[in-house]
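For reference, the chains in residue letters:
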Amino acid sequence: MRIVAISPFLTYPGVDHAGGEFLLHHLEHLGTDNQVALFGLSWAGAESDTSCLPGAAHLMGLLRVPRAQTVRRRAQRGCIRAYPGLAALRWGTLGAPREELEAMLAPAAEHLRSADVIELHWAERILAVLGAVKRVAPDVPVVLVLYDLPWQADARRRSLDRRSWLKQRAFGLSLEMFRRWELGRMAGSDAALVFKDQDRRHLAQAGLDQPMLVIDPPLQAPSAEPSRARASRREGRNVLMTGAFDRPENYRSALWFLDQVWPSVEARCPHARCIIAGTHPPELLQARAAGNVIVTGYVPSLAPLYEDADVFVAPLLAGAGLKFKVPQAMLYGLPVVATPIAVEGVVEEAGPGAFAAITVEPTAMAQSVVDLLTHPERARVIAERARRWAAARYDFAASTGRVLAMYEEITRASTAH
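All figures in this text were calculated on a predicted structure; none of them were measured in a lab. (Residues numbered from 1 in each chain as written. Predicted model: local features only at pLDDT ≥ 70, side-chain atom pairs only at ≥ 80, totals over all residues. Heavy atoms only, no water.)

**Quick notes on the overall build of the chain**
Which entries qualify depends on this criterion: Numbered from the N terminus, helices here are DSSP runs of H or I no shorter than four residues, and strands are runs of E no shorter than two. Only protein chains enter the calculation, and the probe is 1.4 Å; a residue is then buried if its accessible area is under 20% of its type maximum, exposed if over 50%, and partly exposed in between. Exposure was quantified through the Shrake-Rupley algorithm and a 1.4 Å probe, taking into account, for residues, occlusion by the shown protein chains and nothing else.
In terms of regular secondary structure, the chain is built from 18 helices and 13 strands. In the chain, which comprises 417 residues, the share counted as buried stands at 53%. Surface exposure of the chain reaches about 18400 Å², of which carbon and sulfur atoms provide 53%.

**Brief notes about the pattern of salt bridges**
Using the following cut-off: Salt bridge, as used here, is a side-chain nitrogen of Lys or Arg placed within 4 Å of a carboxyl oxygen of Asp or Glu.
The full count for this structure, using the stated rule, is 16 salt bridges. Notably, a salt bridge pairs Glu102 with Arg135, separated by 2.4 Å at the nearest N-O pair. Here Glu102, found in helix H3 (residues 98-105), pairs with Arg135, found in helix H5 (residues 128-136); they are 33 residues apart in sequence, far enough to count as distant. The partner of Glu377 in a salt bridge is Arg380, with the nearest N and O atoms 2.8 Å apart. Taken together, the residues span about one helical turn, with Glu377 and Arg380 both in helix H17 (residues 376-393) at a distance of 3 residues.

**Points about the environment of Ala392**
Secondary-structure assignment places Ala392 in helix H17. Judged by its relative accessible area of 71%, Ala392 falls in the exposed class. For the pair formed by Ala392 and Leu331, sequence separation is 61 residues and the distance between their alpha carbons is 9.6 Å.

**Comments concerning the side chain of Thr339**
Note the threshold: Identification of polar contacts relies on pairs of N or O atoms within 3.5 Å, with a donor-acceptor requirement for protein atoms, meaning one able to donate a hydrogen and the other able to accept it, and with residues adjacent in sequence counted only if both atoms are side-chain atoms. Here, two residues are considered to be in contact whenever any of their heavy atoms come within 4.5 Å of each other.
Within the secondary structure, Thr339 is located in the loop between strand E12 (336-338) and helix H15 (347-350). A distance of 2.4 Å separates a polar atom in the side chain of Thr339 from the backbone oxygen of Leu316. When neighbours within four sequence positions are excluded, Thr339 is seen to be in contact with Ala314, Pro315, Leu316, Leu317, Ile358, Thr359, Val360 and Met365.

**Thoughts on helix H18 (residues 396-416)**
Worth spelling out the cut-off: Multiplying 1.5 Å by the helix residue count minus one yields the expected span of that helix.
For H18, which comprises 21 residues, the first-to-last C-alpha distance of 30 Å matches the rise-based estimate of 30 Å (1.5 Å per residue) to within 8%. Tucked inside the fold, the buried residues of H18 contact strand E1 (2-7), helix H1 (18-30), strand E4 (117-121), strand E5 (142-145), strand E6 (191-194) and strand E7 (212-214). Residue Asp395 occupies the N-cap position of H18, its side-chain oxygen lying 3.3 Å from the main-chain nitrogen of Ala397.

**Examining the packing of aromatic side chains**
One pair of aromatic rings is described through two measures. These are the centre distance and the angle between the planes. For the record, the criterion: Any two rings among Phe, Tyr and Trp, with Trp reduced to its six-membered ring, count as a pair given centres within 6.5 Å; such a pair is stacked if its planes are under 30 degrees apart, edge-to-face if over 60, and tilted if neither.
For the structure shown, the criterion picks out 11 aromatic pairs. For the ring pair Trp122 and Tyr147, a centre distance of 4.2 Å and an interplane angle of 5 degrees mean the geometry is stacked. With Trp122 in the loop between E4 and H5 and Tyr147 in the loop between E5 and helix H6 (150-160), this pair connects stretches of sequence that are 25 residues apart. The pair Trp122 / Tyr147 is uniform in exposure class, with both members buried.

**Quick look at the packing of H1 against H18**
Selection rule: Here, axes are lines fitted to C-alpha atoms. For helices the fit covers the stretch in contact, and angles between N-to-C directions go from 0 to 180 degrees. By convention, the crossing between two helices is left-handed when the near helix turns anticlockwise from the far helix through less than a right angle, and right-handed when the turn is clockwise. Charged means Asp, Glu, Lys or Arg here, nonpolar means Ala, Val, Leu, Ile, Met, Phe, Trp, Tyr, Cys or Pro, and polar covers whatever is left, Gly included.
Put simply, H1 and H18 touch, their axes get as near as 10 Å, and they point 65 degrees apart. The hand of the H1/H18 crossing is right-handed. Packed against H1, whose contacting residues are Phe22, His25, His26, His29 and Leu30, the element H18 presents Phe396, Ala397, Thr400, Val403 and Leu404 at the interface. Looking at the contact of H1 with H18 residue by residue, the class counts come to 6 nonpolar, 4 polar and no charged.

**Quick notes on the confidence of the model for the chain**
Cut-off, in case you're wondering: Confidence of the predictor at the level of single residues is given by pLDDT, which spans 0 to 100.
Of the residues in the chain, 80% have a pLDDT of 70 or more, and the chain-wide mean is 84. Note that residues 44-52 has pLDDT below 50 and, in this model, 11 contacts with residues that lie over four places away or in other chains. Counted against residues more than four places away or in other chains, residues 87-94, with its pLDDT under 50, gives 32 contacts.

So this is what it looks like as structure tokens:
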């Protein structure tokens, strides 16, 4: 098959966020027996020299987003930072004129028309492109790869926003308009890939009747039994948190954990360390690195940190989509303490018994972390239960096989019409 992907982000070995890791492995697995091409978006004023990414996976070229659209995007971001109630101001909502989008796609037009399937990655961010793709290649099925449902994330952000009733009401109305706009655009696709069954059911209940498939994230298997590395340490315990900390929901959750949970843990387990690992931590998070709190910033591989950790925490208070970090920690044999948002898409299948605690209450979260640090046998039992489940549940190669089977089916259906 000939598969063409369009993504607002490029991917390459060592990419520093989970979505990029998925895209990298997704393209590599699809490319084993198929022709795969990737086109990225180049925003005006952003780095557009692909020579800095010699390992960019299957990259054919960059599609230059109109400069006027970049200005719109920056203005939207400023409005949203000033008032989250305007979160519905997306690129797609205030999209570029039709002719500008089609001109942007011109370098990829021949690839698009000759493809068997076109994928739009992070489709929730670039839905405005869907109509233009359909006009350029009207006979080729377009598949949306939805990493999350943005209106769900915005609604959760709204719940944390302490505003007046009137502003909250305006926020709610803008979100509903945004949701309806996005669903209307999504209806123009031929299929969708999602990471959680809840997202599939939500979209189906909202009226989307095209084929939808729940896919697996690519998880890194431990190179050895992690418990051996943990047993080799004579003192101290490591509490690990990972994420891309340029995302507000991640760094705000980290700050909440450090303010509301960690002081109680540290008081009762003075030798414990809180390790916050991930790319682009903002200055206000870096400033919290002191004593037993370690903020690593970007690390080439999280594997040594997972192998050396005793407890994994995921204290997310906002966001949407499957949090890849949670099943990854489970596969590394770590007991997980998390909020309900962090374990969506996992706990429904694994059951609460695969987790040490699922709570948003700071005292309960601290107590669970302390119990795990002071009762290693209990931690080991929970961790082994989680590891067995994750190892049996996630199979990225099999997931890719299901994706290809879907593509063959929708291609046949498209040809028949």
